[in-house]
Amino acid sequence: MHIVLTGLDYNTAPIEVRERVSFAQELLPDALPALAEQVGEGVILSTCNRTEVYTVGDEPIEAARDIRRFIAGYHGLDYKTLEPHLYDRTDADAATHLFRVASGLDSMILGESEILGQVRVALTAASESSSLSSPVSRLFHAALRTGRRVREDTQISRNALSISYAGVQLAQRVLGSLSGLRVLLIGAGEAGQLVARALRTTGANDLMIANRTPQRSEELARNLDGRAIPFQEIGLVVRDADIVIAATGAPSYILTRDDVAIAAGPEYRRSQVLIDLSVPRNIDPDTATVDGVTLYNIDDLSTIAEENLQGRREAADDAEAIVTEHVAYFMEWWDSLKAVPIIKEIRQRAELTRKRELARAIRKLPDLSPEDFKTLDAMTQSIINRVLHDPTVSLKQRAGEAHLQAARDLFRLREERE
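Positions within a chain are numbered from 1, following the residues in the order the chain's sequence is written. Totals for whole chains, interfaces and linings use all residues, but because this is a predicted model, local features are given only for residues with pLDDT of at least 70 and pairs of side-chain atoms are given and counted only at 80 or more. Side-chain descriptors were evaluated using all non-hydrogen atoms of the structure, hydrogens and water having been removed beforehand.

Trainee: With reference to specific residues and values, describe the sheet that holds strand β4 (residues 87–90).
Mentor: Hydrogen bonds along the backbone pair up the strands of a sheet, which may run parallel or antiparallel. The strand order β2-β3-β1-β4 describes an open sheet built from 4 strands, whose pairing is antiparallel. Where the open sheet ends on each side, the last strands, each with one partner, are β2 (42–46) and β4. Within this sheet the neighbouring strands show an average axis-to-axis angle of 15 degrees, counted without direction. What makes two strands pair is DSSP finding at least two bridges between them. Per the convention used, a helix needs a DSSP run of H or I reaching at least four residues, while a strand needs a run of E reaching at least two, with both numbered from the N terminus. In this structure, strand β1 (residues 2–9) lies alongside β4, joined through 4 bridges in antiparallel fashion. Axis lines are fitted to C-alpha atoms, over the contacting stretch for helices. Their N-to-C directions set the angle, which ranges from 0 to 180 degrees.

Trainee: Can you lay out the environment of D367 for me, pointing to particular residues and giving the numbers?
Mentor: Structurally, the position occupied by D367 is in the loop between α15 (340–363) and α16 (370–397). Residues D367 and A196, spaced 171 residues apart in sequence, show a C-alpha to C-alpha distance of 85 Å.

Trainee: Any chance you could break down the side chain of S164 for me, citing the residues and the numbers?
Mentor: Among the structural elements, S164 can be located in helix α8 (residues 163–175). Here a polar contact means two N or O atoms within 3.5 Å. Within protein one must be a hydrogen donor candidate and the other an acceptor candidate, and residues neighboring in sequence count only if both atoms are side-chain atoms. A polar contact is formed between the side chain of S164 and the backbone oxygen of A191, at a distance of 3.3 Å. Look past the residues within four positions of S164 in its chain and what remains in contact with it is E114, A191, L194, V195 and L277. Two residues qualify as a contact provided that any one of their heavy atoms is within 4.5 Å of a heavy atom in the partner residue.

Trainee: I'd like a description of helix α10 (residues 214–223), backed by residues and values.
Mentor: Between buried and exposed lies partly exposed: a residue is buried under 20% and exposed over 50% of the maximum accessible area for its type, with that area taken using a 1.4 Å probe on protein chains only. For α10, the full list of buried residues reads S217, L220 and A221. For α10, the angular spread of the buried residues around the axis is 100 degrees, confining them to a single face. Exposed and facing more than 90 degrees away from the buried side of α10 are Q215, R222 and N223. Packing partners of the buried residues in α10 comprise α9 (190–201), β6 (206–210) and β7 (227–229). Starting at the helix axis, one direction is taken to each C-beta atom, and the arc is that of these directions.

Trainee: Give a description of the packing of aromatic side chains that names residues and reports values.
Mentor: Classification of ring pairs rests on two measures: the distance between centres of Phe, Tyr or Trp rings, Trp counted by its six-membered ring, which must be within 6.5 Å, and the angle between planes, read as stacked under 30 degrees, edge-to-face over 60 and tilted in between. Taken as a whole and assessed by the stated rule, the structure comprises 8 aromatic pairs. Ring centres of F99 and F330 lie 6.1 Å apart, and the angle between their planes is 70 degrees; this geometry places the pair in the edge-to-face category. With F99 in helix α5 (residues 91–102) and F330 in helix α14 (residues 313–336), the pair connects residues that are 231 residues apart, well separated along the chain. For the pair F99 and F330, a shared accessibility class is recorded, and that class is buried. Ring pairs connect the aromatic residues F99, F330, W333 and W334, which therefore count as one cluster.

Trainee: Now, about a nonpolar patch on the surface: what can you tell me, with residues and values included?
Mentor: What makes a patch is a set of residues exposed beyond 30% relative accessible area and free of salt bridges, joined within 9 Å when like-charged and within 5 Å when nonpolar (Val, Leu, Ile, Met, Phe, Trp, Tyr). Every accessible area reported is derived by Shrake-Rupley at a probe size of 1.4 Å, with residue values counting cover from the shown protein chains alone. Only one rule defines a salt bridge in this text: a Lys or Arg side-chain nitrogen within 4 Å of an Asp or Glu carboxyl oxygen. On the surface, M379, I383 and V387 cluster together into a nonpolar patch covering about 280 Å² of accessible area. Here M379 is to be found in helix α16.

Note that every value here comes from positions in space, so none of it alone points to a role or purpose.
This is the structure:
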C-alpha cells in the first residue's frame with residue numbers, strides 16, 4: 001500500500017488553469033464520493049493556490065493516473081491539457097509535501113496562516129462524507145500536528161502575511177496611502193474579513209462591503225465602521241470606488257467588464273485599481289482593457305511573496321527541521337503497516353496450533369472441570385501472546401523487506417499457504 005498525491009499549484013499552473021480544477025467547499029460532498037468510487041477513499045485539498053488529491057493504493061502509478069482522470073473528468077476538461085501542470089508524489093515524498101503545506105512552507109506567502117485551517121477543512125469534509133480511509137486520516141492528523149508545532153516553536157508565523165493582507169499591501173504599493181480613498185470589498189467570509197481588517201490597519205477609512213449573505217456584510221461593516229452594500233447593487237456602487245477587492249468563493253464572475261466600463265465612463269471618469277484574490281476569479285479579466293483600470297489577480301502577489309521570504313529564511317530552516325522530524329515519525333508508523341498482514345498470519349497459525357494441541361490434551365483429561373478448562377485455555381493463550389510479543393514488536397519496528405522475508409521463511413508462511 002502506498003500514499004499517493006496528485007495535484008497542481010501556483011508553481012506549476014497559472015490561475016487560468018487552477019480556477020478550472022478548483023473544488024469549492026460546497027462541491028466536496030459530491031466530489032468526495034465520486035473520488036472514492038473512481039479512485040479510492042481520500043482527501044481533496046483545494047485552495048486559491050492549489051488543488052491536490054491524496055489517497056492510498058497498491059499501485060501508485062495506476063492510482064496517480066486514476067486521480068488525473070478523475071480531476072479532468074469531474075471538471076469536464078481534456079485530460080491532456082492538465083498533464084503539463086500536474087505532479088505526483090508517493091509515500092515519504094507525499095507526506096513531506098503535505099507537512100510542508102500545512103506548515104506554510106509551500107505557500108506563495110511563506111508562513112501564511114490560512115493554509116492550516118484549509119487543511120483542517122479538507123480533512124473534516126472527507127470525514128463527513130465517509131470518504132476517508134484510516135491511513136489518509138492519520139496522514140492528515142499528523143500534518144495538522146506538524147503545522148501547529150511549526151507555528152508554536154518557530155518564528156515563521158510571527159508577523160507573517162496572509163494572502164488577504166498581501167493583496168492590501170499590493171494596493172498600497174500601487175496607490176501609496178489608502179487614507180481618503182474609497183474601497184469596495186466584495187466578500188465578507190473568512191478571506192474578506194482578513195482583507196477588511198488589513199484595510200483598516202493600513203489607513204483605509206472609507207470602506208464599502210458587499211456580500212451575498214447580507215447579515216455577514218452588515219456585521220463586518222458594523223464592527224469596522226464601514227458601510228454594508230446590497231450585493232445586487234455592486235454594479236452601481238463600483239463607480240464610486242477607487243479600489244475594488246474581491247475575495248469570495250463564488251464560482252464565476254461577480255464584476256463584469258460592462259460594470260467597470262460604466263464606472264470608468266466620461267460621467268464618472270477616474271482611475272481604478274481592481275484586485276481579485278479569488279480562485280475561481282470573481283472579476284472578469286477583460287476589465288483590464290477598460291481605460292483607467294488596472295487589474296491584479298492573486299498571481300501578481302509574487303513580488304510581495306519574495307520580499308516576505310527574504311526576511312524569513314532562518315525561520316523556514318527551523319520549520320523544515322520540524323517537518324523532517326515529523327515525517328520520520330509518521331513513516332516509521334506507515335512502514336510498520338507492511339508487517340501487519342504477516343503478524344496476523346503468524347498469530348492465526350499460532351492460534352490454530354494452540355487450539356489443536358489444547359483439544360488433544362483435553363481428550364487425555366476426561367475428568368477436567370469447566371473451571372480447570374478455562375484456566376488451561378487462558379494459560380495457553382497467555383503463552384502464545386508472550387512468545388509472539390517480541391517478534392511482533394521487532395517486525396513492526398523493522399518492517400523492511402529483508403526482515404519481512406525472514407519472518408516468512410522462519411514461520412514457513414508460504415509453505416503453509418501452499
